[in-house]
Amino acid sequence: MHNSADLQEIVDEIAARLGASATLEDRSFRLLAYGAQHGDIDTVRQESILRRRATREVREYFERYGIARAEGPVRIPADAELKVLARVCWPLRHREVTYGYLWLLDSGEFTDGTLAAAAPLVARAAAELAQEARSRQDLGHGLRALLSADPEERAAAAIEAQGPVAAVAVRESQERVATLWTLPRGVLARPGSPVALLAPAHLAAEVAHTIQSAHGTAAGIGATREDPADAWLSWREARQALRIAEHFPRYAPVAHWADLGVHRLLARLGPADLRELAAEAEALDAELAQTVEVYLDRGGHVQKSAAELGIHRQTLYYRLGKAERLTHRDLSDGDDRLALHLGLKAARLRT
């Protein structure tokens, strides 16, 4: 994470200088440091300290006051419904970019002159966050080379990592932003679609869920590699696992390569092979395809399949018979069942 000792020192000094409860968060409202609490604190402050992050409702309330674009302190009134006390939000801006926020609970004693006394410390905190962000960007360029399938490009990667590691691929969202530079130290990140991350193996799942939640999309985690030189293999698996997470709800929103079973084989197939497999099921409409897939997923168990589909057993039998006629496959034959099952799975990956 950030140089937490420096940030903590800055926040402590601000809290002491102003005699106020102060917290410092990144621009995704994740808590980075907090000073000694003076007087009353509200539920929002307690949740921020205990859970390290504000709720979405609270974030949306604060953002209504234009804090992301403000160039100086913003006074935010109390809200009884959200259990929010009045506070001052001071955006941490460096070279016209907002990197985070300083929060001060306000009982009405802050004048513009009082706040001005903290301005140098606020600028220092903003510069600290900006430097961290730039460092992350530099590492992101090196990560691109490290994860390349080209041996020569990997050999030229000016980056070091300690094993064991695992790669993570997250589908980027156009509507939502994930602040990659707030991730723990030791995690390498590169924006894009998909977002590329390389994390110490024990942090991979946490990192995947954090960035996936921020984007509201899906993620895949590759297998662990003891030697970071093999991280590109984990990255390939992470991207393939992401494909499965995006097309198969069973594995969403975060798919682990190690858990995918036969889906790993499907994820490796190119467009031509998928098209050939999917041809087995192209005669089926959406309703019949869903019926057959559920039936085969449940190992041919009629009662479980009918219950999941919400239909009567006789309706299930009727649909299965119709599917057999359309595909010229016998669902009592093992080879035919396998061909049709794989065809239905391949069809999902082609959408």
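Above this text sits the structure in question.
A brief structural summary. Source: prediction; values computed, not measured. Along each chain, residues carry numbers from 1 onward, in the same order as the chain's sequence is written. Predicted model: local features are reported for residues with pLDDT of at least 70 only, side-chain atom pairs are reported and counted for 80 or more only, and whole-chain, interface and lining totals are derived from all residues. Only heavy atoms go into the side-chain values, all of them from the structure, while hydrogens and water stay out.

Topic: the overall build of the chain
And then number 1: Along the backbone of the chain there are 14 helices and 10 strands.
And then number 2: When accessible area is computed with a 1.4 Å probe and restricted to protein chains, residues below 20% of their type maximum are described as buried, those above 50% as exposed, and intermediate ones as partly exposed. Looking at the chain residue by residue over its 351 residues, the buried ones come to 48%.
And then number 3: Of all intrachain contacts in the chain linking residues separated by at least 6 positions in sequence, the fraction that spans at least 24 positions is 61%.
And then number 4: Side-chain charges of the chain comprise 44 positive and 49 negative groups, with the mean position of each set lying 3 Å from the other. Each helix corresponds to a stretch of at least 4 residues labelled H or I by DSSP, and each strand to a stretch of at least 2 residues labelled E; elements are numbered beginning at the N terminus. Contacts are assigned to residue pairs that have any heavy atoms within 4.5 Å of one another. When charges are tallied, Lys and Arg are placed among the positive residues and Asp and Glu among the negative ones, while His and the ends of the chain are skipped. Lysine's charge is taken at NZ, arginine's at CZ, aspartate's at CG and glutamate's at CD.

Here we look at the pattern of salt bridges
And then number 1: When a carboxyl oxygen of Asp or Glu is within 4 Å of a side-chain nitrogen of Lys or Arg, the pair counts as a salt bridge. Taken as a whole, this structure holds 14 salt bridges when the rule is applied.
And then number 2: A salt bridge links Arg75 to Asp106; the nearest nitrogen and oxygen atoms lie 3.4 Å apart. With Arg75 in strand β3 (residues 74–76) and Asp106 in the loop between β5 (97–105) and α4 (112–116), this pair connects stretches of sequence that are 31 residues apart.
And then number 3: By relative accessible area, Asp106 is classed as buried at 15%.
And then number 4: Two residues, Asp336 and Arg329, come together in a salt bridge whose shortest N-O distance is 2.7 Å.
And then number 5: When salt bridges that share partners are traced, they join Glu293, Asp297, Lys345 and Arg348 into one network.

A closer look at the packing of aromatic side chains
And then number 1: When two rings of Phe, Tyr or Trp (its six-membered ring) have centres within 6.5 Å they constitute a pair, described as stacked for plane angles under 30 degrees, edge-to-face for angles over 60, and tilted for the intermediate range. Counted under the stated rule, the structure contains 6 aromatic pairs.
And then number 2: With centroids separated by 6.2 Å and ring planes inclined at 35 degrees, the aromatic side chains of Phe29 and Trp103 adopt a geometry described as tilted. You can see Phe29 sitting in the loop between β1 (22–26) and β2 (31–34) and its partner Trp103 sitting in strand β5, a full 74 residues away along the chain.
And then number 3: Assessed through its relative accessible area of 2%, Trp103 is described here as buried.
And then number 4: Centre to centre, the rings of Phe62 and Trp103 are 4.5 Å apart; their planes meet at 35 degrees, and the pair counts as tilted.

Some remarks on the sheet that holds strand β10 (residues 254–256)
And then number 1: Strand order in the open sheet formed by 5 strands is β7-β8-β6-β9-β10, with mixed pairing between adjacent strands. If you trace the sheet from one side to the other, it starts and ends with β7 (188–190) and β10, each paired once. The sheet shows a mean angle of 15 degrees between the axes of neighbouring strands, taken without regard to direction.
And then number 2: Two strands qualify as a pair provided that DSSP identifies no fewer than 2 bridges between them. Both strand β6 (residues 165–170) and strand β9 (residues 219–221) contribute to a ladder of 3 bridges, which runs antiparallel. The partner of Ala169 across the bridge, within β9, is Gly220.
And then number 3: Orientation is described by lines fitted to C-alpha atoms, with helices fitted over the stretch in contact, and by angles between N-to-C directions that extend from 0 to 180 degrees. Relative to the sheet, helix α8 (residues 231–247) contacts β6, β7, β8 (195–200), β9 and β10, its axis offset from that of β6 by approximately 35 degrees.

Considerations on the packing of helix α11 (residues 286–297) against helix α12 (residues 302–309)
And then number 1: The N-to-C vectors of α11 and α12 enclose an angle of 135 degrees; their axes lie 9 Å apart at closest approach. Put simply, α11 runs oblique to α12. Relative to α12, the crossing made by α11 is right-handed. Where α11 approaches α12, its residues Gln290, Thr291, Val294 and Tyr295 are matched on the opposing element by Val302, Ser305, Glu308 and Leu309.
And then number 2: Think of it as three bins: nonpolar holds Ala, Val, Leu, Ile, Met, Phe, Trp, Tyr, Cys and Pro, charged holds Asp, Glu, Lys and Arg, and polar takes everything else, Gly as well. Looking at the contact of α11 with α12, its residues break down into 4 nonpolar, 3 polar and 1 charged. Relative orientations are named as follows: roughly parallel for angles under 35 degrees, roughly antiparallel for angles over 145 degrees, roughly perpendicular for angles from 65 to 115 degrees, and oblique for any other angle. Take the far helix as the reference: if the near one is turned anticlockwise from it by less than a right angle, the crossing is left-handed, and if turned clockwise, right-handed.

Details of the packing of helix α10 (residues 271–278) against helix α14 (residues 334–350)
And then number 1: The N-to-C vectors of α10 and α14 enclose an angle of 135 degrees; their axes lie 7 Å apart at closest approach. Here α10 is positioned oblique relative to α14, judged by the angle of their axes. The handedness of the crossing between α10 and α14 is left-handed. Facing α10, whose interface residues are Leu274, Arg275, Leu277 and Ala278, α14 presents Leu342, Gly343, Ala346, Ala347, Leu349 and Arg350.
And then number 2: In the contact of α10 with α14, the residues fall into 7 nonpolar, 1 polar and 2 charged.

Comments concerning helix α3 (residues 56–63)
And then number 1: Three or more residues of α3 are buried, namely Val58, Arg59, Tyr61 and Phe62. One side of α3 holds all its buried residues, which, seen down the axis, span an arc of 160 degrees. Working definition: the arc comes from the directions between the helix axis and the C-beta atoms, pointing outward to the latter.

Points about the nonpolar core
And then number 1: Within the largest apolar cluster, 31 residues are counted, with the highest numbers of intra-cluster contacts made by Leu143, Leu198, Trp235, Ile244 and Leu260.
And then number 2: Listing elements by their share of this core, those giving two or more residues are α5 (119–146), β6, β8, α8, α9 (263–268), α10 and α14.
And then number 3: Here the element with the most residues in this core is α8; it accounts for 7 residues.
And then number 4: Ignoring anything within four residues of it in the chain, the contact list for Leu198 reads Leu143, Leu146, Ala161, Val165, Ala166, Ala167, Gly186, Val187, Leu188 and Ala231. In plain words, nonpolar cores are sets of buried Ala, Val, Leu, Ile, Met, Phe, Trp, Tyr and Cys residues tied together by side-chain atoms within 4.5 Å.

Digging into the side chain of Arg225
And then number 1: With respect to the helices and strands, Arg225 occurs in the loop between β9 and α8.
And then number 2: Accessibility expressed as a relative area gives 15% for Arg225, which makes it buried.
And then number 3: Looking at Arg225, its side chain comes within polar contact range of the main-chain oxygen of Ala223, at 3.3 Å.
And then number 4: Ignoring anything within four residues of it in the chain, the contact list for Arg225 reads Pro164, Val165, Asp230, Leu233, Ser234 and Glu237. Polar contacts here mean pairs of N or O atoms no more than 3.5 Å apart (in protein, one a potential hydrogen donor and the other a potential acceptor; neighbouring residues in sequence count only if both atoms are side-chain atoms).

Some remarks on the environment of Gly108
And then number 1: Take Gly108: it is sitting in the loop between β5 and α4.
And then number 2: For the pair Gly108 and Ala86, spaced 22 residues apart in sequence, the C-alpha separation works out to 8.4 Å.

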